[in-house]
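# Breakdown of the fold
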Amino acid sequence: MYKKMYKKLMRSVFCVLGIAVFLFAAAQAAIAADKLVLSNEVFQEVEVTDSEGKKEMKQIPVSTAFPRAELIYVITYKNTGDKAAEDVVINNPLSKELLYKDQSGKGENAAFFVSVDGGKTYGDLATLRIPTTAGAFRPAQLDDITDLQFKLKKQVKPQEGGSVSFRAVLK
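Residues numbered from 1 in each chain as written. Predicted model: local features only at pLDDT ≥ 70, side-chain atom pairs only at ≥ 80, totals over all residues. Heavy atoms only, no water.

## Overview of the packing of aromatic side chains
The geometry of an aromatic ring pair is captured by two quantities: the separation of the ring centres and the angle between the planes. So the rule is basically this: Centres within 6.5 Å make a pair out of two Phe, Tyr or Trp rings, where for Trp the six-membered ring is used; the pair is then stacked when the planes are under 30 degrees apart, edge-to-face when over 60, and tilted otherwise. Helix and strand definitions here come from DSSP, where helices need a minimum of 4 consecutive H or I residues and strands a minimum of 2 consecutive E residues; each element is numbered from the N-terminal end. Here the term buried applies to any residue with accessible area under 20% of the maximum for its type, exposed to any over 50%, and partly exposed to those in between, with areas from a 1.4 Å probe on protein chains only.
What the rule picks out here adds up to three aromatic pairs. Between Tyr73 and Phe166 the ring centres are 4.9 Å apart and the planes differ by 5 degrees, which places this aromatic pair in the stacked class. Residue Tyr73 is located in strand S3 (residues 70–79), and its partner Phe166 is located in strand S11 (residues 161–170); the two are separated by 93 residues in the primary sequence. As far as the burial class goes, Tyr73 and Phe166 line up, both buried. Between Tyr100 and Phe112, the aromatic rings sit 5.4 Å apart at their centres with planes inclined by 25 degrees, giving stacked as the arrangement. Linking Tyr100 in strand S5 (residues 98–100) with Phe112 in strand S7 (residues 110–115), this pair joins segments that are 12 residues apart in sequence. The two residues Tyr100 and Phe112 agree in class, both being buried. Every member of this aromatic cluster is reached through a ring pair, and the members are Tyr100, Phe112 and Phe150.

As structure tokens, this is what we get:
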């Protein structure tokens with residue numbers, strides 16, 4: 001029994017670490033981008049009932065989560081410079097403790113891609129292949145995803161911004 005509880009606790013700790021890695025990685029991208037500032041938040045959806053008894057789903061900030069919890073990662077960007085930011089690409093490593101939720105990568109005027117090789121190449125999951133030990137290739141699957149990428153389709157004008165997001169489940 002204690003072994004099972006310890007395992008659950010450790011997964012929760014890994015989730016907190018995964019959230020911290022996500023925030024740090026995106027923050028590093030913000031530093032590298034000249035005047036494009038990124039901020040990050042992690043949410044979980046919960047059902048709430050209002051005073052009239054009506055139920056609705058709300059997103060609340062998360063600092064700790066348990067296995068099988070679905071998390072929503074939101075990256076907000078803003079161009080604080082005086083020139084338009086063009087060809088903006090936001091790359092985000094995916095923690096090994098997370099499983100990307102299929103078709104959840106979204107963004108305002110953004111194309112979404114995944115990587116299964118640590119961020120070396122990106123594409124649609126259906127087009128990516130994984131080498132096998134026999135020297136052949138197999139189709140990539142959701143649990144092969146190592147990195148996520150958002151390519152903005154439009155320039156980001158000065159003092160403007162937007163957001164991109166994805167969902168993942170804690171393994």
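## Structural notes on unusual backbone geometry
The backbone of Asp87 sits at a positive phi, close to 50 degrees, despite the residue not being glycine. Phi at Asn109 takes a positive value of approximately 55 degrees, unusual for a residue other than glycine. With respect to the helices and strands, the residue Asn109 is situated in the loop between strand S6 (106–107) and S7.

## Remarks on the environment of Leu170
Along the chain, Leu170 turns up in strand S11. Take Leu170: its relative accessible area is 1%, and that puts it in the buried class. Measuring from C-alpha to C-alpha, the distance between Leu170 and Ser95 comes to 9.4 Å, with 75 residues separating the pair along the chain.

## Describing the pattern of salt bridges
Applicable threshold: Whenever Lys or Arg places a side-chain nitrogen within 4 Å of a carboxyl oxygen from Asp or Glu, that contact is recorded as a salt bridge.
For the coordinates displayed, the defined rule picks out four salt bridges. Among the ionic pairs, Arg167 bridges to Glu70, the shortest N-O distance being 2.7 Å. Of this pair, Arg167 sits in strand S11 while Glu70 sits in strand S3, and the two are 97 residues apart along the sequence. For Arg167, a relative accessible area of 22% corresponds to the partly exposed category. Look at Glu70 and you get partly exposed, because its relative accessible area is 24%.

Everything listed here is a matter of coordinates, which is why it stays silent on function.
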